[in-house]
Amino acid sequence: MFRQHGAELAALEVRAIGCQARKGNVPPPPGGLSFLWERAAAATLEAVTGRHVTLDPNTIGITRREPYGVVAAIVPFNSPLGMACSKASLALAAGNTVVMKPPEQASPAILRMAELMAGILPPGTLNI
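Bear in mind the structure is a predicted one, so any value in this text is a computation, not a measurement. Each chain carries its own residue numbering, running from 1 in the direction its sequence is written. Residue-level local features of this predicted model are given only where pLDDT is at least 70; pairs of side-chain atoms are given and counted only at 80 or more, and the full residue set underlies all totals for whole chains, interfaces and linings. Note: side-chain values were computed over all heavy atoms of the structure, leaving out hydrogens and water.

Enquirer: Can you help me understand the pairing of strand β1 (residues 52-56) in this one?
Expert: Within a regular strand, the side chains alternate between the two sheet faces. Relative accessibility under 20% of the residue-type maximum defines a buried residue, over 50% an exposed one, and the middle range a partly exposed one, all with a 1.4 Å probe and only protein chains included. Per the convention used, a helix needs a DSSP run of H or I reaching at least four residues, while a strand needs a run of E reaching at least two, with both numbered from the N terminus. Within β1, only zero of the five residues are buried, which leaves the element largely exposed. Pairing between strands is defined by DSSP: at least two bridges between the two strands are required. As judged from the four bridges shared by β1 and strand β2 (residues 59-62), these two strands associate in the antiparallel manner. In the strand pairing of β2, V53 is matched with G61. Remark: two residues form the turn of the hairpin made by β1 and β2, two consecutive strands paired antiparallel.

Enquirer: Even after reading the chapter, I still don't get the sheet that holds strand β3 (residues 70-74), so can you show me in this structure?
Expert: Within a beta sheet, neighbouring strands are joined by backbone hydrogen bonds and run either parallel or antiparallel to one another. Taken in spatial order, the three strands of this open sheet run β3-β4-β5, and their pairing is parallel. Across the chains shown, the open sheet's two edge strands, defined by having one partner strand only, are β3 and β5 (126-127). Inspection of the sheet shows strand β4 (residues 97-101) paired to β5 by two bridges, in the parallel sense. Looking across to β5, one finds that V98 is bridged to L126. On top of the sheet, helix α3 (residues 80-93) reaches β3, β4 and β5; it is set at about 160° to β4, its chief contact. Residue contacts follow a heavy-atom distance rule, with two residues in contact if any of their heavy atoms lie within 4.5 Å. The axes used here are C-alpha line fits, helices contributing only the stretch in contact, and every angle between their N-to-C directions lies in the interval 0 to 180 degrees.

Enquirer: I tried to follow helix α4 (residues 108-118) on my own but got confused; where do I start?
Expert: Side chains three or four residues apart in an α-helix point the same way, a direct result of the helix having 3.6 residues per turn. Restricting attention to buried positions, one finds in α4 the residues A109, I110, M113, A114, L116 and M117. All buried residues of α4 fall inside an arc of 165° around its axis, so they share one side. Across α4 from its buried face, at more than 90 degrees, point the exposed residues E115 and A118. To obtain the arc, one takes the directions from the helix axis to the C-beta atoms.

Enquirer: Would you mind showing me how to read the environment of H5 here?
Expert: Summarising the element assignment, H5 is placed in helix α1 (residues 2-17). C-alpha separation for the pair H5 and R112, spaced 107 residues apart in sequence, amounts to 9.7 Å. Apart from residues lying up to four places away in sequence, H5 is in contact with R112 and L116.

Enquirer: It is not clear to me how the packing of α3 against α4 should be interpreted in this structure. Could you clarify?
Expert: Packed helices, taken two at a time, are described by the angle their axes make and the gap between the axes. α4 packs onto α3 with a crossing angle of 40° between their chain directions and a minimal axis gap of 8 Å. Between α3 and α4, the interaxial angle falls into the category oblique. Here α3 and α4 pass one another in a crossing that is right-handed. Where α3 approaches α4, its residues P80, L81, A84 and C85 are matched on the opposing element by A109, I110 and M113. Polar here means any residue other than Ala, Val, Leu, Ile, Met, Phe, Trp, Tyr, Cys and Pro, which are nonpolar, and Asp, Glu, Lys and Arg, which are charged; Gly is therefore polar. Here the contact of α3 with α4 is composed, by residue class, of seven nonpolar, no polar and no charged. Throughout this description, any angle smaller than 35 degrees is read as roughly parallel, any larger than 145 degrees as roughly antiparallel, any in the 65 to 115 degree range as roughly perpendicular, and the remainder as oblique. With the far helix as reference, a near helix turned anticlockwise by less than a right angle produces a left-handed crossing, and one turned clockwise produces a right-handed crossing.

Enquirer: Any chance you could explain α3 here in plain terms?
Expert: When the terminal C-alpha atoms of α3 are compared, their 20 Å separation across 14 residues agrees well with the 20 Å that a helix rising 1.5 Å per residue should span. The buried count for α3 comes to 10 of 14 residues, which makes it a mostly enclosed element. Within α3, burial applies to P80, L81, G82, A84, C85, A88, S89, A91, L92 and A93. After α3 finishes, the residue G95 shows a positive phi value of roughly 95°. The span one expects for a helix is its residue count, reduced by one, times 1.5 Å.

Enquirer: Is there a simple way to think about the environment of L126 in this case?
Expert: As for its position among the elements, L126 is in strand β5. When its relative accessible area of 15% is taken as the criterion, L126 is described as buried. With residues up to four places along the chain from it excluded, the contact list for L126 reads A88, V98, M100, M113, M117 and L121.

Structure below.
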């Protein structure tokens, strides 16, 4: 999805925050946002799988990760799309749903991202 619509999302982001793509921390299209999303999600999946450690010959310590349920994500105005991708990918990869509050000054790219994700994610998973 990000590989296909990266240029469109980057253009919306640059127009909304009023600076050049490089200065606005907008990853270069077409694959930049996809890389950000996939890297963050992969790191989270590795962390949430749980681990086990042998404490002594008769005891094993086990960590079990459970999602919080709903995660609130407040996105700053200075790098909205990058932060939205980072926050949403981490929360979704951990098994949570997301309620995201984009900045009033710079939300077109986030709204478009949500429209695109609506066709991929189950209903109610990512809420703006």
